[in-house]
Amino acid sequence: MHAALFLLSAVALALLLLLALVIYGWLAVRNQRRILEALRRNGPAFLCRPTLGMRHVAGFILSVDQNAVTLWRVGLGRPAPLRSFPSAGATVAPATVRVNAARRTSGLSVVSTAGERVDVAIYPDPTMAYSSPADGAFLDLVNDRIREHLTR
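Residues numbered from 1 in each chain as written. Predicted model: local features only at pLDDT ≥ 70, side-chain atom pairs only at ≥ 80, totals over all residues. Heavy atoms only, no water.

Undergrad: If you had to explain the sheet that holds strand β7 (residues 117-122) to someone new, which residues and values would you point to?
TA: Taken in spatial order, the 7 strands make up an open sheet running β4-β3-β2-β1-β7-β6-β5, and their pairing is antiparallel. In this open sheet, the two strands that pair with only one neighbour each are β4 (80-86) and β5 (91-98). Within the sheet, the average angular offset between the axes of one strand and its neighbour, ignoring direction, is 40°. When β5 meets strand β6 (residues 104-111), the two strands line up antiparallel, connected through 8 bridges. What sits directly across from P94, in β6, is L108. Helix α1 (residues 2-39) contacts β1 (45-50), β2 (59-64) and β3 (68-74) of the sheet and is inclined by roughly 5° relative to β2. (Pairing = 2+ DSSP bridges. Helix = DSSP H or I, 4+ residues; strand = E, 2+ residues; numbered from the N terminus. Axes fitted to C-alpha atoms, helices over the stretch in contact; angles between N-to-C directions. Contact = heavy atoms within 4.5 Å.)

Undergrad: Explain the side chain of T70 to me, and be specific about the residues and the numbers.
TA: For T70, the location among the structural elements is in strand β3. Engagement of the side chain of T70 in a polar contact is seen with the side chain of S84, the distance being 3.1 Å. In this structure, T70 is in contact with I61, L62, S63, P81, R83 and S84, ignoring residues within four places of it in sequence. (Polar contact = N/O pair within 3.5 Å; in protein donor to acceptor, adjacent residues only side chain to side chain.)

Right, dumping it as structure tokens:
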């Protein structure tokens, strides 16, 4: 009797933890979509992971507007700018980005005229499903959109 009650309590606790993780993920994705929508009013913005960005639970967004190139950390609350530099004269080029200690992937490098640099792996818009980093035609399209915006 006690073992069954203990087992039932353990299963209920595990299901509660799983439900909490799903709700956290849903809220995080919803917030990332809202922030992307707001940033895209001023210029291109993309979900991304910076160099060694897998160390954080939060999502990251690279935005490019008329004034600045900014890397944002986006969690459940307000977005926080991590790095920012003037977009005037900045360039974008393909790069290999180290997303964690063991894995590298194709990405983009945005470099300012002062030599400041942001290397990011670009991801599709946020969903509740797993998505791998963009490569090939989609990465080329993102590269072209950022380059076009920077040359304005």
